[in-house]
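Letter by letter, the chains look like this.
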Amino acid sequence: MIPDQAAVVMGSMSAASVRCYAAALQTRTLIVDLDERHLPLRHSHHRYRIDGPNGVQTLTIPLVGSTNNMMTPLKDVLISEHGDWRRLHWGALFSAYGRSPYFDYAADDLSRVIHGSQRYLHEFNRELHEVIVDFMDLDMETLYIEGSRVPQDAIDLRGRIGTKKADTLPIANVPYYQMWTGNDAFRSDLSILDLMMNMGREGIFTLLKMAQRK
């Protein structure tokens, strides 16, 4: 079990996974190090997975330059407008969740972020994170820190959660209603947007069960 009194460091992620939010909610404090670098393949920083009529889809925010340039601090990573990605992301989200129980309630705020004019990846991720936290009424504080001022007692989960490889953290996978699974197995590795669209504010109880916190 992750200590409740600690803070977790997970970096800046685009609509991070349900498991990431469960871990952050357990401690109530999420730290984003804007100066982070030397991370193994920053795929989770600008990609998120949703479930739609054609199955699981990974949406990617194009970046300027190579995402493997580990010397570039996160605060300087620029978004590219190549490929009309904002329109494509919104179309994918609408196709996946337009008929979900809570899409209409969050659509305006999500659209504002997706169709925004953010230049830096951390700006986009922060705005999207704020919409999620506010809509789901999550009891957590997010601290944005530059430099090496991350508390020594913080639990650093970068590279341990929200990556392509399954983590071994003490976080249970608690099934919740997913409109596209049908008779298929529950999908546990999706973006928090999946929980948000399908369960709304009730989703906080799923996160608390996953984190084993009362």
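This text goes with the structure placed above it.
Source: prediction; values computed, not measured. Each chain carries its own residue numbering, running from 1 in the written order of its sequence. Residues qualify for local features only when their pLDDT is at least 70, as the model is predicted, and side-chain atom pairs are given and counted only at 80 or more; totals for whole chains, interfaces and linings, by contrast, use all residues. Hydrogens and water are ignored here; the side-chain numbers use all heavy atoms of the structure.

1. A short note on the overall build of the protein chain
Part 1 of the argument: A count of helices and strands for the protein chain gives six helices and six strands.
Part 2 of the argument: Any residue under 20% of the maximum accessible area for its type is buried, any over 50% is exposed, and the rest in between are partly exposed; the area is computed with a 1.4 Å probe on protein chains only. Counting all 214 residues of the protein chain, 52% fall into the buried class.
Part 3 of the argument: Long-range pairs, those at least 24 residues apart, make up 72% of the contacts in the protein chain with a sequence separation of at least 6.
Part 4 of the argument: Each accessible area value is a Shrake-Rupley result obtained with a 1.4 Å probe; residue values ignore everything except the protein chains displayed when judging cover. Total accessible area on the protein chain stands at roughly 10,600 Å², and carbon and sulfur atoms take up 49% of it. Helix and strand labels come from DSSP, where a helix needs a run of H or I of at least four residues and a strand needs a run of E of at least two; each type is numbered from the N terminus. A contact between two residues is defined here by any heavy atoms of the two lying within 4.5 Å.

2. Observations regarding the sheet that holds strand β1 (residues 8–9)
Part 1 of the argument: Read from one edge of the open sheet, four strands run β5-β2-β1-β6, paired in parallel fashion. The open sheet is flanked by β5 (141–145) and β6 (155–156), the only strands paired with a single partner.
Part 2 of the argument: Strand pairing requires that DSSP identify at least two bridges connecting the strands. Taken together, the two bridges between β1 and β6 define a ladder with parallel strand orientation. Its bridge partner being in β6, Val 8 is matched across the sheet by Ile 155.

3. Quick notes on the environment of Phe 124
Part 1 of the argument: One can find Phe 124 in helix α4 (residues 121–136).
Part 2 of the argument: Between the alpha carbons of Phe 124 and Ser 14 there is a distance of 7.7 Å; along the sequence they are 110 residues apart.

4. Details of the side chain of Gln 178
Part 1 of the argument: Residue position: Gln 178 is located in the loop between β6 and α5 (192–199).
Part 2 of the argument: Since its relative accessible area comes to 5%, Gln 178 is described here as buried.
Part 3 of the argument: With residues up to four places along the chain from it excluded, the contact list for Gln 178 reads Phe 186, Arg 187, Leu 190, Asp 194 and Asn 198.

5. What about unusual backbone geometry?
Part 1 of the argument: The phi dihedral of Ala 15 is positive, around 40°, even though this residue is not glycine.
Part 2 of the argument: Among the secondary structure elements, Ala 15 is positioned in the loop between β1 and α1 (18–27).
Part 3 of the argument: The backbone phi angle of Arg 28 is positive, close to 70°, even though this residue is not glycine.
Part 4 of the argument: Positionally, Arg 28 belongs in the loop between α1 and β2 (29–33).

These results come straight from atomic positions and should not be treated as a statement about function.
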